[in-house]
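# Breakdown of the fold
Residue-level listing of the chains:
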Amino acid sequence: MKKVILLFAIVTVGLLSPKASAQTIVDNAFVDGLFVEQATGRNKPMPMPTVREADVMWQKRIWREIDFRQKINQGFYYPVTPHQNWKNFITIILDGLKEGRIQAYEISETDELTTPISYKNIMDGLTGSHTEVFLDENGYEVTKTISDDFYPTSVQRLRIMEEWYFDKQRSQLMVRILALCPVMNVEKDDGEGGVRVGTKPMFWIPFDSAREVLSESYYFNRNNGAMKLTYDEVFWKRMFDSYIYKEENVYDRSIQDYAQGINAMLESERIKQSIVDFEQYLWDY
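Read on for an overview of the structure. (Residues numbered from 1 in each chain as written. Predicted model: local features only at pLDDT ≥ 70, side-chain atom pairs only at ≥ 80, totals over all residues. Heavy atoms only, no water.)

As a further point, take the overall build of the protein chain. Counting secondary structure elements, the protein chain contains seven helices and 12 strands. In the protein chain, which comprises 285 residues, the proportion classed as buried is 33%. For the protein chain, the share of sequence-separated contacts (at least 6 apart) that also reach a separation of at least 24 residues comes to 61%. Here the protein chain has roughly 18900 Å² of accessible surface; of this, 54% comes from carbon and sulfur atoms. (Helix = DSSP H or I, 4+ residues; strand = E, 2+ residues; numbered from the N terminus. Buried < 20%, exposed > 50% of the residue type's maximum accessible area, 1.4 Å probe, protein only. Contact = heavy atoms within 4.5 Å. Areas by Shrake-Rupley, 256 points an atom, 1.4 Å probe, with all protein chains shown as cover.)

Laid out in structure tokens, this is it:
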């Protein structure tokens, strides 16, 4: 009987010891903050409201551009180096493309999302090489091949395609984002032997296909670190500053095609005000 009791005690200690030790390791693990984030599970995107074709009595397509250099938009650009679950916008999008969770489309003249493009083709287009001619120590010309690497910091703008519409069922003017297009800075020849910095749209992604990834990615809240914002919420709540660079028109042209400088800014404001005036005139008696 004593042997049976002794054997039972040894087996019990053997089973409990690893668990206790593992529990000790987990309890002593370093927590970077006050608590373990996402303890209740992943964030889910808020469902979009259903829109019936019969309820849409007016609509207008608008293209906007967000400049990351503006103070209110800096959350899209920073952090340059990901840390503590914080990533900038382009890093989140490229990671989503690499994992196959987001589908990208090639840039077209009409901004239609018709031709899918893979993550590999995107990165191949962002990287490459060019040749430059140098003079060596003896004064002879030497041609060198220099590789062009892609840096996330070169992406400083984001284009948005959105649809404004009046829903007569809700009696409300509403807006829905349709697609996003990151824009990177590139060096271009100015035609006089010099180099100027230009812009190049990278690809279009449907907003719907990116919402799950954006809802899991945090956007820095400069007012309260305890109230985490996601990129999906930033777009839904329109917590960004932007300017209109195109509205749908019979010529299918952008503002810069017929206005420059201050005139382009005034035209952008005119289009914005025309949307506000439309809603106001609906309730003008």
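From this point, the narrative continues.
Time to look at the pairing of strand E12 (residues 243-247). Counted residue by residue, E12 has four buried out of five residues, so it is predominantly covered. Inspection of the sheet shows strand E1 (residues 56-67) paired to E12 by four bridges, in the antiparallel sense. Bridge assignment links Trp63 to a residue of E12, and that residue is Lys246. (Pairing = 2+ DSSP bridges.)

Time to look at the nonpolar core. Ranked by internal contacts, the top residues of the largest apolar core, which has 37 residues, are Phe76, Phe89, Phe150, Leu180, Phe203, Leu214 and Phe235. Counting only elements with at least two residues in this core, the list comes to helix H2 (74-77), helix H3 (89-98), helix H4 (119-126), strand E6 (155-167), strand E7 (172-189), helix H5 (207-215) and helix H6 (231-236). If one sorts the elements of this core by residue count, H3 sits on top with six residues. If sequence neighbours within four positions are ignored, Phe89 has contacts with Phe68, Phe76, Leu158, Leu180, Pro182, Leu214, Tyr231 and Phe235. Among the nonpolar cores identified, the runner-up in size contains 11 residues, and Ile62, Leu173, Ile255 and Phe278 belong to it. (Core = buried A, V, L, I, M, F, W, Y, C linked by side-chain atoms within 4.5 Å.)

Further remarks concern the side chain of Asn88. When you line up the elements, Asn88 lands in the loop between H2 and H3. A polar side-chain atom of Asn88 sits 3.5 Å from the main-chain carbonyl oxygen of Pro79. Separated by 2.5 Å, the side chains of Asn88 and Thr91 make a polar contact. Look past the residues within four positions of Asn88 in its chain and what remains in contact with it is Phe76, Tyr77, Tyr78, Pro79, Val80, Pro152 and Tyr231. (Polar contact = N/O pair within 3.5 Å; in protein donor to acceptor, adjacent residues only side chain to side chain.)

A few words now on the pattern of salt bridges. Tallying each qualifying case throughout the model produces 18 salt bridges. Taking the shortest distance from any N to any O, the salt bridge between Glu162 and Arg64 comes out at 2.5 Å. Here the residue Glu162 occupies a position in strand E6, and Arg64 occupies one in strand E1, the gap between them amounting to 98 residues. Residue Glu162 shares its accessibility class with Arg64, and that shared class is buried. When the shortest N-O distance is used, the salt bridge between Arg270 and Glu267 registers 2.8 Å. Taken together, the residues span about one helical turn, with Arg270 and Glu267 both in helix H7 (residues 262-282) at a distance of three residues. (Salt bridge = Lys/Arg side-chain N within 4 Å of Asp/Glu carboxyl O.)

So, about the layout of surface pockets. Here the largest pocket defines a volume of roughly 770 Å³. Taken together, 31 residues line the largest pocket, and the ones lying closest to its centre are Glu65, Arg159, Tyr245, Ser254 and Gln256. (1 Å grid on protein atoms, 1.4 Å probe; cavity = no way out; pocket = protein on both sides within 12 Å on 5 of 7 lines; lining within 4 Å. Points joined across faces, edges and corners; volume = space filled by probe spheres on them.)

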